[in-house]
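These are the residues of each chain, in order.
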Amino acid sequence: MNNSPYEKYRGENLILRDELAIDRTNLANERTLLSYLRSSLALLIAGVSIVHFSQGGWFSAVGFACIPAGVIIGIVGAARYWKMHRSISRVR
């Protein structure tokens, strides 16, 4: 059994209210993805800028830490988006 919150709608005809709720959920999922990507890009840019302009020491280490953190946040956001997208698509 799938533990999806949308499992109870499987096999039923959805009324307009339910269709609109699914559309709102889909749009919220897309906004969340864009937020993850915006944060990821900001960390990447900050990391590259810090590394470029720092003169060594701990400040440079912070810059080098921001770069993989940005990549990881982007991957986590994309994974969460696709997981939720598949769950929403099964309802329709």
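Here is what the cut-offs are and how they apply
Residues numbered from 1 in each chain as written. Predicted model: local features only at pLDDT ≥ 70, side-chain atom pairs only at ≥ 80, totals over all residues. Heavy atoms only, no water. Helix = DSSP H or I, 4+ residues; strand = E, 2+ residues; numbered from the N terminus. Contact = heavy atoms within 4.5 Å. Areas by Shrake-Rupley, 256 points an atom, 1.4 Å probe, with all protein chains shown as cover. Phe/Tyr/Trp six-rings, centres within 6.5 Å; stacked < 30°, edge-to-face > 60°. Buried < 20%, exposed > 50% of the residue type's maximum accessible area, 1.4 Å probe, protein only. Expected span 1.5 Å × (residues − 1). Patch = residues over 30% accessible without salt bridge, like charges linked within 9 Å, V, L, I, M, F, W, Y side chains within 5 Å. Salt bridge = Lys/Arg side-chain N within 4 Å of Asp/Glu carboxyl O. Lys, Arg positive; Asp, Glu negative; His and termini not counted. Charge placed at Lys NZ, Arg CZ, Asp CG, Glu CD. Polar contact = N/O pair within 3.5 Å; in protein donor to acceptor, adjacent residues only side chain to side chain.

Chemist: What's the story with the overall build of the protein chain in this structure? I'm lost.
Modeler: When helices and strands are tallied, the protein chain shows 2 helices and 0 strands. Of all intrachain contacts in the protein chain linking residues separated by at least 6 positions in sequence, the fraction that spans at least 24 positions is 71%. Per element, the accessible surface of the protein chain, about 6,700 Å² overall, is 64% carbon and sulfur.

Chemist: Just to check I follow, could you spell out the packing of aromatic side chains for this structure?
Modeler: Aromatic ring pairs are defined here through the distance separating the ring centres and the angle between the ring planes. With the rule as written, the count across this model stands at 2 aromatic pairs. Measuring from ring centre to ring centre gives 5.6 Å for Trp-58 and Phe-59, while their planes differ by 80°; the resulting arrangement is edge-to-face. Look at Phe-59 and you get partly exposed, because its relative accessible area is 40%. Note on Tyr-81 and Trp-82: the rings are 5.2 Å apart at their centroids and 75° apart in plane angle, and the pair reads as edge-to-face.

Chemist: Whenever I open this one, helix α1 (residues 16-53) confuses me. Can you help?
Modeler: Residues that lie three or four places apart on an α-helix share one face, since the helix turns once every 3.6 residues. Across its 38 residues, α1 extends 55 Å between first and last C-alpha, which sits within 8% of the 56 Å expected from 1.5 Å per residue. Inspection of α1 places Asp-18, Ile-22, Asn-29, Leu-33, Ser-40, Gly-47 and Ile-50 among the buried residues, and these make up the whole buried set. On its buried side, α1 packs onto α2 (58-91).

Chemist: When you look at α2 in this model, what are you seeing that I'm missing?
Modeler: The end-to-end C-alpha distance of α2 is 50 Å, a good match for the 50 Å that 34 residues give at a rise of 1.5 Å each. The complete set of buried residues in α2 reads Ser-60, Gly-63, Cys-66, Gly-70, Gly-74, Gly-77, Tyr-81, Ser-87, Ile-88 and Val-91. In this structure, the buried side of α2 is in contact with α1.

Chemist: Help me understand a positive patch on the surface in this model?
Modeler: A cluster of like positive charges, contributed by Arg-80, Lys-83, Arg-86 and Arg-90, occupies part of the molecular surface. Among the structural elements, Arg-90 can be located in helix α2. Judged by its relative accessible area of 37%, Arg-90 falls in the partly exposed class.

Chemist: Before we go on, may I ask you to explain the environment of Ser-39 in this structure?
Modeler: Topologically, Ser-39 is positioned in helix α1. Residues Ser-39 and Gly-74 lie 35 residues apart in sequence; the distance between their C-alpha atoms is 7.9 Å.

Chemist: Sorry, what's going on with the side chain of Asn-29 here?
Modeler: In this structure, Asn-29 sits in helix α1. What makes Asn-29 buried here is its relative accessible area of 10%. At a separation of 3.3 Å, a polar atom in the side chain of Asn-29 contacts the main-chain carbonyl oxygen of Tyr-81. Once residues lying within four places of it in the same chain are set aside, the contact partners of Asn-29 are Arg-80, Tyr-81, Met-84, His-85 and Ile-88.

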